[in-house]
Amino acid sequence: MAYRLDKRDSPWVMRTYAGHSSAAATNALFRRNLAKGQTGLSVAFDLPTQTGYDADHELARGEVGRVGVPIAHLGDMRALFDGIPVGSANTSMTINATAMWLLALYVVVAEEHGADHTSLAGTTQNDIVKEYLSRGTYIFPPGPSLRLTADLVAYGVAELPKWNPVNICSYHLQEAGATPVQEVGFALGTAVAVLDAVRDSGQVPPERFGDVVARVSFFVNAGVRFVEELAKMRAFAALWDEITLTRYGVSDPHQRRFRYGVQVNSLGLTEAQPENNIARIVLEMLGVTLSRDARARAVQLPAWNEALGLPRPWDQQWSLRLQQVLAYESDLLEYPDLFDGSPVVEGLVSSIVDGARRELDQILDQGGIVAAVESGYLKSALVASLARRRQRLESGEDVVVGVNRFTETEPSPLTEAGAIAVERIDPAVETHAVQALAKWRAARDQSTVDAALARLRADAATTANLMPSTVDCVRAGVTTGEWAAALREVFGEYRAPTGLTASSGAGSDPGLARVRERVAATAAELGTGRLRMLVGKPGLDGHSNGAEQIAVRARDAGFEVVYQGIRLTPAQIVSAAVHEDVNLVGLSVLSGSHLAAVPAVLDGLRAAGLADVPVVVGGIIPAADEAALRDAGVARVFTPKDFELTGIVDDLVTVVRQAAGLR
């Protein structure tokens, strides 16, 4: 008993990442989750909201309400938090490019609830750098994006003392291929850029800079290698303490404390034998809770079926119960740190610290995180790292149970219901959102809207903090798309480097050599010189990891690959197919919008006289939708269970040959 704490630790904030279809439906889900013992809200916004488009924009087609809740204006935010005590809630918002806009909506709704600004607690993710590297929901170039982040941090420190106005997010870096060393080094490079931008803006007095540091939080990923993840978090904490003390002179240890929330690795979950995902989720949760000195302040767990589609409320409840069993049934919170003095943990932490420090120094030597993004250095490093990870999976060096080993299985009772095993979004949701948007616009005073947008554009052309004019836009009835469009006029838009200079790392694979021979032979038979493949991402889905890995492997197999990045309209993809005279079009859609986006591309190709060009599709696609896509004319459908990239590329050659009538 001598080793027990005098008082049992309080549990971390428990969240589920939730939101879909409409503000009213998501509000009902929030209320149910809170009633089940969830202690914080984590809002998932749909892709149009994240990328600054209204529901009636061409790029929003098929995307409204699919991966999160659509929030177009103040009325939607009112409905989202109807009946929820905003003044006492702890709300996390996964929003980046439009973070300032969403926080302004939240602040105004809180005022309408009678809540004081000083009581508002929660987090806006607001880390745009990782969007250029992984998720792809950026809008503006890095410089203006960093300015928006700095403005929001300065506003938060002055007006919202309990709010975390920035959440440096390494989560998606890991999904994009980052090793623990890269994840820590790249994320800290972003944190330094944010702190430097706030300091250099002059908006926060030097004597209050410790308050800025104290309000910086992190959002991290935890993979199944939970011992390594535990060490990674201890390394993160040690380096953050070092940087904030030596670079920024923050003397208060409490202000230098490394504060982070976590979602455990969603992309590491498998479509094959999805019941195994529960064991993965628990192990990943242990990596960020076992070490008391580096324990997460908030945890949200994915559901077992996220590799299949959108989780249902019951699936989210199961993940919440996993947290509650650990926090309330186990004795984890009764003891000091379990790993103090462990030579194994100390050695692992030291190696991650040393490697991450080198990565950070390399970023700073290039001129900082913005320069490292614009040069393509960071993206290329991640694509190369992910390629090596995929090669280890394909070779069997890395084992994933049910995928590349122990694949024999009994039918799963969890998935025998088919489509019923995941949440399905009614296509009428989008129609209703478009109609509601038109009604909102018709009811507002247009002159007030115009004046608010004019002030926003004028302020954006100066160094003024943009939060006050953004709040004015909220009150005037401006929409998400209008706010973002006004800033696009001033800041411009951005196309991030794709990182496809990397090698797949599969050069020694004898299977790849055989595929190269087939590619060369097929090109010769067709008389085209080289086979040309267009990789396209229609709609707003920015998760490009899979598309990039296919592109890299296909290029290594001898294809000439045309890849123009993310967020393309069907018309743009068709235009590229015509201009580049391709032999194959590959579409990647992970957001669930495949039934709208893919037929639009097929129709466009037919209209352009390219009906003979085969189309293949990859993404998170339920079996019933796979059949619908095949009926529409898609030659092949690939899902997460298809992990062997060389085999996929070989199949692509077969598709080209079949379409051309070659044996």
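Rules and cut-offs
- Residues numbered from 1 in each chain as written.
- Predicted model: local features only at pLDDT ≥ 70, side-chain atom pairs only at ≥ 80, totals over all residues.
- Heavy atoms only, no water.
- Salt bridge = Lys/Arg side-chain N within 4 Å of Asp/Glu carboxyl O.
- Helix = DSSP H or I, 4+ residues; strand = E, 2+ residues; numbered from the N terminus.
- Buried < 20%, exposed > 50% of the residue type's maximum accessible area, 1.4 Å probe, protein only.
- Core = buried A, V, L, I, M, F, W, Y, C linked by side-chain atoms within 4.5 Å.
- Contact = heavy atoms within 4.5 Å.
- Pairing = 2+ DSSP bridges.
- Axes fitted to C-alpha atoms, helices over the stretch in contact; angles between N-to-C directions.
- Phe/Tyr/Trp six-rings, centres within 6.5 Å; stacked < 30°, edge-to-face > 60°.
- Parallel < 35°, antiparallel > 145°, perpendicular 65-115°, else oblique.
- Left-handed = near helix turned anticlockwise from the far one by under 90°.
- Nonpolar A, V, L, I, M, F, W, Y, C, P; charged D, E, K, R; others polar.

Student: A description of the pattern of salt bridges should follow, citing residues and the corresponding values.
Tutor: Across all of its chains, the model carries 44 salt bridges by this definition. A salt bridge links K379 to E548; its shortest N-O distance comes to 3.1 Å. Taken as a pair, K379 in helix 15 (residues 377-395) and E548 in helix 21 (residues 545-556) lie far apart in primary sequence, 169 residues in all. There is no split in this pair, since K379 and E548 are both buried. Close ionic contact of D541 with K537 constitutes a salt bridge, the shortest N to O distance being 2.8 Å. Assessed through its relative accessible area of 2%, D541 is described here as buried. Counted as one network, the salt bridges with shared partners bring together D54, D56, R441, R444 and E482.

Student: Report on the nonpolar core, specifying residues and quantitative values.
Tutor: Counting residues in hydrophobic clusters, the biggest one holds 168 residues, and the most contacted among them are F81 and F218. The dominant element in this core, judged by the number of residues it contributes, is helix 4 (residues 99-112), at twelve residues. Leave out the neighbours within four places in its chain, and F81 touches N27, L41, V43, V86, T91, Y106, V109 and H113. Counting 22 residues, the second-largest nonpolar core is a separate cluster that includes V562, A577, L587 and V637.

Student: Please give an account of the sheet that holds strand 6 (residues 163-164) that cites residues and values.
Tutor: Here we have five strands laid out as an open sheet, ordered 2-3-4-5-6, and parallel in their pairing. The open sheet has two free edges, formed respectively by strand 2 (17-18) and strand 6, since each of these has just one partner strand. Where strand 2 and strand 3 (residues 41-44) come together, two bridges link them in parallel fashion. Its bridge partner being in strand 3, Y17 is matched across the sheet by S42. Across the sheet, helix 4 touches strand 4 (90-94), strand 5 (121-124) and strand 6, and the angle it forms with strand 4 is around 150°.

Student: Give a detailed account of the packing of aromatic side chains, specifying residues and quantitative values.
Tutor: With the rule as written, the count across this model stands at 16 aromatic pairs. Ring centres of F140 and F491 lie 5.5 Å apart, and the angle between their planes is 80°; on these two criteria the pair is classed as edge-to-face. With F140 in the loop between helix 5 (129-135) and helix 6 (142-159) and F491 in helix 19 (residues 480-491), this residue pair connects regions lying 351 residues apart in the sequence. Assigned by exposure class, F140 and F491 land together as buried.

Student: Residues and numbers for the packing of helix 8 (residues 180-201) against helix 13 (residues 343-365), please.
Tutor: Geometrically, a packed helix pair is captured by the angle between its two axes and the distance between the axes. For the pair helix 8 and helix 13, the least separation of the axes is 8 Å and the interaxial angle reads 45°. The angle between the axes of helix 8 and helix 13 places the two elements in the oblique class. The hand of the helix 8/helix 13 crossing is right-handed. Residues P180, V181, Q182, V184, G185, F186, L188, G189 and V192 of helix 8 form the contact with helix 13, whose own contacting residues are S351, I352, G355, A356, E359, L360, I363 and L364. For the contact of helix 8 with helix 13, the per-class residue count stands at eleven nonpolar, five polar and one charged.

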